[in-house]
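The lines below spell out each chain.
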Amino acid sequence: MAAFSRAFALLLLLIFITDFQQIAGLMNGPVAPPAINCTASCDTRCSETKRPNLCKRACGSCCGKCNCVPPGTSGNYEACPCYFNLKTHNNTRKCP
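In this report, we go over the structure that sits alongside the text.

Focus: the packing of aromatic side chains
Part 1 of the argument: Enumeration over the complete set of coordinates arrives at two aromatic pairs.
Part 2 of the argument: With 6.4 Å between their ring centres and 25° between their planes, Tyr77 and Tyr83 make a pair best called stacked.
Part 3 of the argument: Tyr83 gets classed as buried once you look at its relative accessible area, which sits at 0%.
Part 4 of the argument: A centroid spacing of 5.0 Å and a plane angle of 50° characterise the contact between Tyr77 and Phe84, whose relative ring orientation is tilted.

Right, dumping it as structure tokens:
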């Protein structure tokens, strides 16, 4: 009977430790997605523009804030709503 009590106590201790580790992991908050390569993404996004330096500067700023750039050279804003919703002081779209 004593062996059973010890085994049962050990099992309860292991369950408590496992639950505590899971709870501690949740307290750290959500894990952020990995950062994308803004330079490469903006090079692709701005590859067909007439003003590549201006486009890359604006795109890089938007990518830094949103951590995403829509695919292709224009449009596709539904892939990155944050990128689409950034505005300038004049309330025009900031991101190319």
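Considerations on the pattern of salt bridges
Part 1 of the argument: Scanning the model with the defined rule gives one salt bridge in all.
Part 2 of the argument: In this structure, the salt-bridge partner of Asp43 is Lys56, at a minimum N-O distance of 3.5 Å. Here Lys56 lies in helix H3 (residues 52–66) and Asp43 lies in helix H2 (residues 38–45), a separation of 13 residues in the sequence.
Part 3 of the argument: The class of Asp43 is partly exposed, set by a relative accessible area of 34%.
Part 4 of the argument: With a relative accessible area of 35%, Lys56 lands in the partly exposed category.

Reading guide: rules and limits
- Residues numbered from 1 in each chain as written.
- Predicted model: local features only at pLDDT ≥ 70, side-chain atom pairs only at ≥ 80, totals over all residues.
- Heavy atoms only, no water.
- Phe/Tyr/Trp six-rings, centres within 6.5 Å; stacked < 30°, edge-to-face > 60°.
- Buried < 20%, exposed > 50% of the residue type's maximum accessible area, 1.4 Å probe, protein only.
- Salt bridge = Lys/Arg side-chain N within 4 Å of Asp/Glu carboxyl O.
- Helix = DSSP H or I, 4+ residues; strand = E, 2+ residues; numbered from the N terminus.

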